[in-house]
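Observations on the model geometry
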Amino acid sequence: MNVRFAPETGEFLMDQSAFDQLINWAAAGDPPGPELEEFRQAGVISADGLHDTLVPPITAVMDPSCQLRIDVFDHDGSERCADGWLNGNTGALLADRASGMRHFFEVHPTLIPAVVAKLVKLQPRPRFTSETEPLLMPRSSLEGLLGGSVAEREAAASRFTSTGDAPHPVIDVLVPGPWRRWSVTSMWVEPSGRPASYGLQVIDTDQGMWRCEASGVDASLWPTRSTDVWRALTRLLPDEVEEP
């Protein structure tokens, strides 16, 4: 287990198992034992408990009013993710780093859309086509076109066109790459007690951006722009939730 903590810069890196251990300990409310020695050496905890800067974000993790999940997949098969928790005016994110470690940091809820945009590398793109109609296909075809290898995507494209569906420009982009597919989901409980969620899935290419919608066995790709995606990100968080 590796733990790196530098409160003056906001750096707090660890692996997933270390994070789980820290949260379990904080939730139990027990005095820190010898199993937390690496956290103690890093300055995360002391005889008095958690470092002061970590109390609000750790509290948000233990008792969230809203949770987030961000997944990013690239055309070469690489993937990374982030988890988020919000409680009142405090938010916390745990995001993958290229090193294999995860970065835990506090973020104000109003900044969540901007942080998500940075994590998924949202940037201006040309509009892929002047068409406004979506590309419809079986969900299995879409999953194949978003596979982690060119061979897998070529096979999916061949199956899609062999069924009589007309070729589409976006397929010519997805097969060779590069592209990035990302999704973000927020989950909360409404004041009525009903669980609720909001999801957004985007396929981002150098030649344009597509919003993806999939349900059951069907899928659709809608041409979109980064400004529209940004507006969708601003709707990630609910107006009203059941307070923890």
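Anyway, here's the lowdown on the structure attached to this text. None of these values were measured; they are calculated from a predicted model.

Scanning the protein from terminus to terminus reveals 8 helices and 13 strands. Taken across its 244 residues, the protein has 44% of its residues classed as buried. The contacts of the protein with a sequence gap of at least 6 include a subset with a gap of at least 24, amounting to 56%. Counting only carbon and sulfur atoms, one obtains 50% of the accessible surface of the protein, whose full area is about 12400 Å². Distance between charge centroids for the protein: 7 Å, based on 20 positive and 35 negative side chains.

Quick look at the sheet that holds strand E9 (residues 135-138) now. The strand order across the open sheet built from 11 strands is E1-E2-E8-E7-E6-E5-E10-E11-E12-E13-E9, with neighbouring strands paired in antiparallel fashion. Each of the sheet's edge strands pairs with one partner strand only, and the pair in question is strand E1 (3-6) and E9. Adjacent strand axes in the sheet meet at a mean angle of 20°, parallel and antiparallel pairs treated alike. Relative to strand E2 (residues 11-14), E1 is paired through 4 bridges, and the arrangement is antiparallel. Note on E2: the bridge partner recorded for Val-3 is Met-14.

Where E1 folds back on E2, the antiparallel hairpin that results is connected by 4 residues, among which Gly-10 adopts a positive phi of roughly 85°. With 2 bridges connecting them, E2 and strand E8 (residues 102-107) associate as antiparallel partners. Note that in E8 the partner of Met-14 across the bridge is Arg-102.

Among the secondary structure elements, Gln-201 is positioned in strand E11 (residues 195-205). For Gln-201, a relative accessible area of 19% gives the class buried. Reaching out from Gln-201, the side chain makes a polar contact with the side chain of Arg-181 at a distance of 2.6 Å.

Below, the discussion takes up the side chain of Asp-83. Its place among the elements puts Asp-83 in strand E6 (residues 79-87). The class for Asp-83 is buried, based on a relative accessible area of 15%. Polar side-chain contacts of Asp-83 include one of 3.1 Å to the side chain of Arg-102. Apart from the residues within four sequence positions on either side, Asp-83 is in contact with Leu-68, Arg-69, Ala-92, Leu-93, Leu-94 and Arg-102.

Along helix H3 (residues 55-62), the positions that sit buried rather than exposed are Pro-57, Ile-58, Ala-60 and Val-61. Buried positions in H3, seen along its axis, are confined to an arc of 155° and lie on one side of it. Each element contacted by the buried residues of H3 is listed here: helix H1 (16-28), strand E4 (49-50), E6, strand E7 (90-96) and E8.

Let's shift gears to the packing of H1 against H3. Between H1 and H3, the least distance of the axes is 10 Å, while the angle of their chain directions is 90°. Classified by the angle their axes make, H1 and H3 are roughly perpendicular. Where H1 approaches H3, its residues Phe-19, Leu-22, Ile-23, Ala-26 and Ala-27 are matched on the opposing element by Ile-58, Val-61 and Met-62.

So, about the pattern of salt bridges. The final tally for this structure, using the stated rule, is 12 salt bridges. Of the charged contacts in the structure, one is a salt bridge between Asp-204 and Arg-125, with a shortest N-O distance of 2.8 Å. Note that Asp-204 is positioned in strand E11 and Arg-125 in the loop between helix H4 (112-119) and E9, a separation of 79 residues in sequence. A salt bridge links Asp-228 to Arg-225; the nearest nitrogen and oxygen atoms lie 3.4 Å apart.

Okay, the packing of aromatic side chains next. All chains considered together, the criterion is met by 4 aromatic pairs. Ring centres of Phe-12 and Phe-104 lie 6.1 Å apart, and the angle between their planes is 80°; on these two criteria the pair is classed as edge-to-face. Residue Phe-12 is located in strand E2, and its partner Phe-104 is located in strand E8; the two are separated by 92 residues in the primary sequence. Look at Phe-12 and you get buried, because its relative accessible area is 2%.

Rules used throughout
Residues numbered from 1 in each chain as written. Predicted model: local features only at pLDDT ≥ 70, side-chain atom pairs only at ≥ 80, totals over all residues. Heavy atoms only, no water. Helix = DSSP H or I, 4+ residues; strand = E, 2+ residues; numbered from the N terminus. Buried < 20%, exposed > 50% of the residue type's maximum accessible area, 1.4 Å probe, protein only. Contact = heavy atoms within 4.5 Å. Areas by Shrake-Rupley, 256 points an atom, 1.4 Å probe, with all protein chains shown as cover. Lys, Arg positive; Asp, Glu negative; His and termini not counted. Charge placed at Lys NZ, Arg CZ, Asp CG, Glu CD. Pairing = 2+ DSSP bridges. Axes fitted to C-alpha atoms, helices over the stretch in contact; angles between N-to-C directions. Polar contact = N/O pair within 3.5 Å; in protein donor to acceptor, adjacent residues only side chain to side chain. Arc of directions from axis to C-beta. Parallel < 35°, antiparallel > 145°, perpendicular 65-115°, else oblique. Salt bridge = Lys/Arg side-chain N within 4 Å of Asp/Glu carboxyl O. Phe/Tyr/Trp six-rings, centres within 6.5 Å; stacked < 30°, edge-to-face > 60°.

Keep in mind these values describe shape, not function.
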